[in-house]
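Structural overview for review
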Amino acid sequence: MAHSSAQERQWFTLSIYHLNSEASAALFDKTFAEAVLPAFKRQGIGPIGVFAPVNLEKDKDKPLPRQRYVITPLASADQLVSISEKLGQDADFMDKASAYLGVGKDEAVYSRVESSLLYAFEGMPRLVVPKKEAEGTRLFELRIYESHSEFQGKLKVQMFNQGEIEIFKDCGMDAVFFGEAVIGKNLPNLTYMLVYDDEALRGEVWEKFGAHPKWNVMKNLEQYKETVSDIIAQHMRPLPYSVIQ
């Protein structure tokens, strides 16, 4: 398959906010809806996705972490450097974010923020929001594949670029982005996001993938064995103000 040039590939930040309380979550959502996302739009950054974790039906009784996942596409890694400075010069942002920015230590909105910088795969160089085929809130799935060495991690990225992304498409698996972590937690790893109209469709497309003849050849190729040491999957729903829906 033909690949795009490195100049066309986007960068992404993935930030996970560990919120301290329901009041903190409400302040976070109000600030991102009214201050952060509009300010980023003024900088030409987007579409931005903001998500809350959810359980699948089989896990519906399990407690959920109080978190927000924020996906931000960037034109270049250099753009990341200028974001904070421009926010500080944005009077509307500073006014509307004042309650969030001015909280005291005892009212902190979050305990910590985990952030990763990802570089888009050649096989899918830009974030895409697949068209909604049905009414209602869609189910998103963020998947992180960790590898036991940098070499094996690169091979897993190659595996996606050389055929696995195309198999996803053939199975009706709608991807939002694929990115290799350059900076972040538990390196080396890659992250990608899929979206489904509902949980039933999720089950159907993964079943198709598992039975796909090209996948069953590819996964047994010697060079791709032991490329993944751990898989973390998080299901989520977009917040009402998220640009990615």
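Everything below is about the structure shown above.
Here's a quick rundown of the structure. Note that this is a predicted model, so its numbers are computed, not measured.

1. Overview of the overall build of the chain
- When helices and strands are counted, the chain shows seven helices and eight strands.
- Relative to its length of 245 residues, the chain is compact, with a C-alpha radius of gyration of 19 Å against a globular reference of 18 Å.
- Taking the principal axes of its C-alpha atoms as reference, the chain extends roughly 55 × 45 × 35 Å.
- Counting only residues that meet the buried cut, the chain has 48% of its 245 residues in that class.

2. Remarks on the pattern of salt bridges
- As enumerated under the stated definition, the model contains 17 salt bridges in all.
- A salt bridge links K58 to D59; the nearest nitrogen and oxygen atoms lie 3.0 Å apart.
- In this structure K58 comes out as exposed when scored by relative accessible area, which is 67%.
- Given the relative accessible area of 18%, D59 is considered buried.

3. Structural notes on the environment of E164
- Within the secondary structure, E164 is located in helix α5 (residues 150–170).
- For E164 and M218, which are 54 residues apart along the polypeptide, the C-alpha to C-alpha distance reads 8.1 Å.
- When near neighbours in sequence (up to four residues on either side) are disregarded, E164 contacts K156, M159, F209, W215 and M218.

4. Quick word on the side chain of S242
- Among the structural elements, S242 can be located in the segment after β8 (230–238).
- Among residues more than four places away in sequence, those in contact with S242 are L37, I48, G49 and V50.

5. Here's the deal with the sheet that holds strand β5 (residues 139–146)
- The eight strands are arranged β1-β3-β2-β8-β5-β7-β6-β4 in a closed barrel whose pairing can be described as antiparallel. Pairwise comparison of adjacent strand axes, ignoring direction, gives a mean angle of 35° for this sheet.
- Taken together, the three bridges between strand β2 (residues 49–53) and β8 define a ladder with antiparallel strand orientation. Along β8, the bridge assignment pairs F51 with P238.
- In the packing of α5 onto the sheet, contacts are made with β5, β6 (174–183) and β7 (189–196), and the angle to β7 comes to roughly 20°.

6. As for helix α6 (residues 199–211)
- In this model α6 runs 19 Å from its N-terminal to its C-terminal C-alpha over 13 residues, within 8% of the 18 Å that 1.5 Å per residue would give.
- Among all positions of α6, only R202, V205, W206 and F209 are buried. Buried residues of α6, seen end-on, are gathered within an arc of 100° and therefore sit on one face of the element. More than 90 degrees from the buried face of α6, the exposed residues found are E207, K208 and A211.
- Each element contacted by the buried residues of α6 is listed here: β5, α5, β7, α7 (213–218) and β8.
- The distance from a side-chain oxygen at the start of α6 to the backbone nitrogen of A200 is 3.2 Å, and the residue carrying that oxygen is D198.

The rules behind these values
- Residues numbered from 1 in each chain as written.
- Predicted model: local features only at pLDDT ≥ 70, side-chain atom pairs only at ≥ 80, totals over all residues.
- Heavy atoms only, no water.
- Helix = DSSP H or I, 4+ residues; strand = E, 2+ residues; numbered from the N terminus.
- Rg over C-alpha atoms; globule rule 2.2 N^0.38 Å.
- Buried < 20%, exposed > 50% of the residue type's maximum accessible area, 1.4 Å probe, protein only.
- Salt bridge = Lys/Arg side-chain N within 4 Å of Asp/Glu carboxyl O.
- Contact = heavy atoms within 4.5 Å.
- Pairing = 2+ DSSP bridges.
- Axes fitted to C-alpha atoms, helices over the stretch in contact; angles between N-to-C directions.
- Expected span 1.5 Å × (residues − 1).
- Arc of directions from axis to C-beta.
- Polar contact = N/O pair within 3.5 Å; in protein donor to acceptor, adjacent residues only side chain to side chain.

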